[in-house]
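# Commentary on secondary and tertiary structure
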Number of protein chains: 2
Amino acid sequence: MRTFKEYAALVNEGLETTLPAACAFDRELLEACRYSLLSPGKRLRGSLALAGCEYAGAPLEKALPFALAVECVHAYSLIHDDLPAMDNDTLRRGRPTCHVAFGEAMAILAGDALLSHAMLLMARACETGGAGAARAAVTLASALGIRGMVGGQAQDIVSENAGAGGEEALSYIQRNKTAALIRAPLLCGLQAGGADERAERAFSEYGLHLGVAFQIADDVLDVTADPATLGKSVGKDAEENKLTAVKLLGLNGAREALQRETELALKALEGLPGTAFFRALAQQMLVRNS
Amino acid sequence: MRTFKEYAALVNEGLETTLPAACAFDRELLEACRYSLLSPGKRLRGSLALAGCEYAGAPLEKALPFALAVECVHAYSLIHDDLPAMDNDTLRRGRPTCHVAFGEAMAILAGDALLSHAMLLMARACETGGAGAARAAVTLASALGIRGMVGGQAQDIVSENAGAGGEEALSYIQRNKTAALIRAPLLCGLQAGGADERAERAFSEYGLHLGVAFQIADDVLDVTADPATLGKSVGKDAEENKLTAVKLLGLNGAREALQRETELALKALEGLPGTAFFRALAQQMLVRNS
């Protein structure tokens, strides 16, 4: 296995050239797309796709389209989440959000364009990648919509408006809004790479808990972090009355839940050989600071 | 070949059950999705996918996922186009637009969910439909994003803001904003059904001109129609200084262009057997009233 930094570098390299070059009539749209897609990010989701593929013993090219697609999806989701009608954020990854830089209409379209581009990358992968690629495409596509990220985001807003919601609603939000798009690329990589069923099952469980841990760490950071370090606004969750782990469990309770989810992620890999990379990644969730 | 009405009925039947049933946490999102997806529409794009497949001599099931996917895409594009930051429309298909009925945040998410659902339908088709399905998926995905519908929509807004633009910009808007999503499903159907290259080339040309004719008819209707008949607001193009055929060529010039595009669509099919259905469809563009 390579290091996380190496996977992230490969993802960044692919992202640089994945969008078409601008023509006379789409300069502004492409600028908005590139602004958000290429702004410095951890590339966690894309790196997980590559790591899954390498774990399966296949060449990374098999997972690269999915790694790039999931980063396009992640970038689109951030653009739309930041819109005035949604979280109304002005700072992201240390820079003005897309709608602040390009206007609201162009930001909506840039998000739509990035999601459409993800679709194109996946369709092309299906054309050349056979059954494994088609399975991976179904996995990723399933994680995006109503029973995935968008569904979680909708419940996030419904809970916010209601100013209420219990553990079940919180769990739905954590699993769908966040964990779906962390678990799916990892599974995608395994499927595109042809991993066996046992590994798939274990990593499916691992990815879910890793993703929930990631969201809880995010909730904690919104209370404890410095905005300059975090690169985005803080204190927004309480301000907007969002249903978060911190709101429901308190800061200490949220930290305990983070610890518990991390342990469940590690437990899911027990008995599976060669998982040091993934165990280290889960442990980093506990000390996440951005 | 079946009649247009029969294809549209098959599309409507498929749309009724394509979205998942609501669970405790996604009622509002699903309601917004269904509100827009199932509101009465012509189902032109979905019907073209089925007609293309039937022309290729294949069972319609091969094209049905693409027919439903393109209608999901069309519904999402209408929701996002109607948003306050975009065209700011309050009336669509005779009913309040999605953001008027469900709020702006839920409308953005419903659009995202419908596009994601289109992706899922296409990915599933690739899992079972072999090489023809994968080609069809690439064709449809290519028509959606930067070099397709979203790119056209972006140029539409750029031209509107600039209050300017010549024939090249108008042609870019017509081809990308509108014709891409009329030509693509027809090609999708042919490809999923395994049509020969000659038919594909001819219908590619036909679909492009049919789509441009459709947009010009739309521009003309915005000036001449009664909103009650049309089911959406009229007179908006001039109000918003949109770059349309009517703005650039005048009403008579636009009608002449519509006639010309219709003739080019018909000409593309010359020498191809069994195209009565498609020729009749092109001729209907001249008398479109909704």
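The preceding data block contains the structure.
The following paragraphs examine the structure supplied in this document.

Thresholds applied
Residues numbered from 1 in each chain as written. Chains lettered and ligands numbered in written order. Predicted model: local features only at pLDDT ≥ 70, side-chain atom pairs only at ≥ 80, totals over all residues. Helix = DSSP H or I, 4+ residues; strand = E, 2+ residues; numbered from the N terminus. Expected span 1.5 Å × (residues − 1). Bend = angle between axes of the 7 residues up to and from the residue. Buried ≥ 20, exposed ≤ 12 C-beta atoms within 10 Å, placed from the backbone. Contact = placed C-beta atoms within 7 Å. Least-squares fit on C-alpha atoms with pLDDT ≥ 70 in both. Nonpolar A, V, L, I, M, F, W, Y, C, P; charged D, E, K, R; others polar.

Let us look at helix α6 (residues 104–142) of chain A. Residue and element names in this part refer to chain A. Taking 1.5 Å per residue, 39 residues should reach 57 Å; α6 reaches only 28 Å between its end C-alpha atoms and comes up short. At Gly130, α6 shows its strongest bend, of approximately 150°. Taken across its 39 residues, α6 has 32 buried, putting it largely inside the fold.

Relative to the assigned elements, Pro20(B) resides in the loop between α1 (4–18) and α2 (27–37). What makes Pro20(B) partly exposed here is the crowd of 15 C-beta atoms within 10 Å. A sequence separation of 10 residues divides Pro20(B) from Leu10(B), and the C-alpha atoms of the two residues are 19 Å apart. Discounting chain neighbours no more than four positions away, the residues touching Pro20(B) are Ile146(A) and Arg147(A).

With that settled, the discussion passes to the relation of the copies chain A and chain B. Between chain A and chain B, which share one sequence, the superposing operator has a rotation angle of 180° and an axial displacement of 0.0 Å; the RMSD is 0.0 Å. Considering both components of the superposition, the chain copies are consistent with a two-fold axis. A shared interface surface links the copies, since 100% of the contact residues of chain A are contact residues in chain B too.

To continue, consider the interface of chain A and chain B. At the junction of the two partners, chain A supplies 48 residues and chain B supplies 48 residues. At the level of elements, α2 (27–37), α6, α7 (149–162) and α8 (167–192) of chain A are the ones that each hand at least two residues to the side of chain A that touches chain B. Looking at the side of chain A that touches chain B residue by residue, the classes come out as 32 nonpolar, eight polar and eight charged.

The next thing to look at is α7(A). Look at α7(A): 20 Å from first C-alpha to last across 14 residues, which is about the 20 Å you get at 1.5 Å a residue. When you tally the buried positions in α7(A), you get 11 out of 14 residues, the bulk of the element. Restricting attention to buried positions, one finds in α7(A) the residues Met149(A), Val150(A), Gly151(A), Gly152(A), Gln153(A), Ala154(A), Gln155(A), Asp156(A), Ile157(A), Val158(A) and Ser159(A). For α7(A), the elements touching its buried residues are α4 (64–82) and α8 of chain A together with α2 and α6 (104–142) of chain B. Following α7(A) by one or two positions, Gly163(A) has its phi on the positive side, about 60°.

All names here are of chain B. By secondary structure assignment, the location of Leu91 is in strand β1 (residues 91–92). Sequence separation of Leu91 and Leu64 is 27 residues, and the distance between their C-alpha atoms is 29 Å. Other than its neighbours up to four places away in sequence, Leu91 contacts Pro96, Thr97, Lys232 and Ser233.

In most cases, non-glycine residues show a negative phi, while peptide bonds are predominantly trans. In this model, Arg43(A) sits at a positive phi of 60°, which is unusual for a non-glycine residue. Its location among the elements puts Arg43(A) in the loop between α2 and α3 (44–55). Of note, Arg93(B) is a non-glycine position whose phi angle comes to about 50°, a positive value. With respect to the helices, strands and loops of the structure, Arg93(B) is situated in the loop between β1 and β2 (95–96). What makes Arg93(B) partly exposed here is the crowd of 15 C-beta atoms within 10 Å.

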